[in-house]
Amino acid sequence: MIELLEKEYIVIHHTGIKNSNENSFLVWESIKKFHQIKYKEKFPWYIADYHFGISKDLRVFNGNSIEYPCFHSGDNNINFKSIAVTFLGNFDEELLDKKQFDLGVLMISDLVKRFNIKYEKILKHCEIVNTSCPGNNFPFEELKKEIISNVKDESKKESIIL
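Since the structure is predicted, the reported quantities are computational estimates derived from the model, not experimental observations.

## With respect to the nonpolar core
The biggest cluster of nonpolar side chains holds 24 residues, and the ones touching the most others in it are Ile10, Ile12, Val85, Phe87, Ile108 and Leu143. Only strand S1 (9-14), strand S2 (52-54), strand S4 (82-87), helix H3 (98-115) and helix H4 (140-152) provide two or more residues apiece to this core. Among the elements that line this core, the one with the most residues is H3, at 7 residues. Formed by 14 residues, the second largest nonpolar core is a distinct cluster that contains Val27, Ile31, Phe61 and Leu88.

Shown next as structure tokens:
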């Protein structure tokens, strides 16, 4: 297996699939199946192009193990040194739900603390390649501001990621 190098980046994505409370599990399973088919010959261990997925119905889905890379960014230098987090939804067409946003802040804050990620290394996918991902309506600057505030709050020390 290929091992992930030291984690330097967190890259934020959206799935580009319009979100629904009723089908987030099915959406996640179809994403995984698509990615597994795409890479099964070369990387039989591969699960998904993301390490984590965050849904509107407040589920956190696991993709590839954090120890292994995801081929998510379009830049292998970044892929091997990053954690890929996707928000289920199409944020070119819809707005991010507040509760989904808040769960994302907690999740990403925990990753920042655990892996000592610098704030400037939290990137939108569109900062790496020519895409709109994580969507034109995605509140990225607000997300980063909340993560910075959350990480600086020493009272929030417990990890939410097992």
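## Looking at the pairing of S1
When you tally the buried positions in S1, you get 6 out of 6 residues, the bulk of the element. Neither face of S1 is open: one carries Tyr9, Val11 and His13, the other Ile10, Ile12 and His14, and all of them are buried. Two strands pair when backbone bridges link them, and S1 and S4 are joined in this way by 6 bridges, in the parallel orientation. Opposite Ile10, over in S4, you have Ile83 as the bridge partner. Sheet topology note: the S1/strand S5 (residues 122-124) ladder contains 3 bridges and is parallel. Note that in S5 the partner of Ile10 across the bridge is Ile122.

## Here's the deal with the pattern of salt bridges
What the rule picks out here adds up to 5 salt bridges. One salt bridge in this structure joins Lys98 and Asp102, with 2.7 Å as the shortest N-O distance. In this pair, Lys98 and Asp102 are both assigned in helix H3, 4 residues apart and thus about one turn of the helix distant. Since its relative accessible area comes to 31%, Asp102 is described here as partly exposed. Put simply, Glu8, Lys81 and Lys121 are held in one network by salt bridges that share partners.

## Quick look at the side chain of Glu94
With respect to the secondary-structure elements, Glu94 resides in the loop between S4 and H3. Lacking a salt bridge, the buried Glu94 has Lys56 as its closest oppositely charged neighbour, with an N-O distance of 5.1 Å. Engagement of the side chain of Glu94 in a polar contact is seen with the backbone nitrogen of Asn90, the distance being 2.9 Å.

Analysis parameters
- Residues numbered from 1 in each chain as written.
- Predicted model: local features only at pLDDT ≥ 70, side-chain atom pairs only at ≥ 80, totals over all residues.
- Heavy atoms only, no water.
- Core = buried A, V, L, I, M, F, W, Y, C linked by side-chain atoms within 4.5 Å.
- Buried < 20%, exposed > 50% of the residue type's maximum accessible area, 1.4 Å probe, protein only.
- Helix = DSSP H or I, 4+ residues; strand = E, 2+ residues; numbered from the N terminus.
- Pairing = 2+ DSSP bridges.
- Salt bridge = Lys/Arg side-chain N within 4 Å of Asp/Glu carboxyl O.
- Lys, Arg positive; Asp, Glu negative; His and termini not counted.
- Polar contact = N/O pair within 3.5 Å; in protein donor to acceptor, adjacent residues only side chain to side chain.

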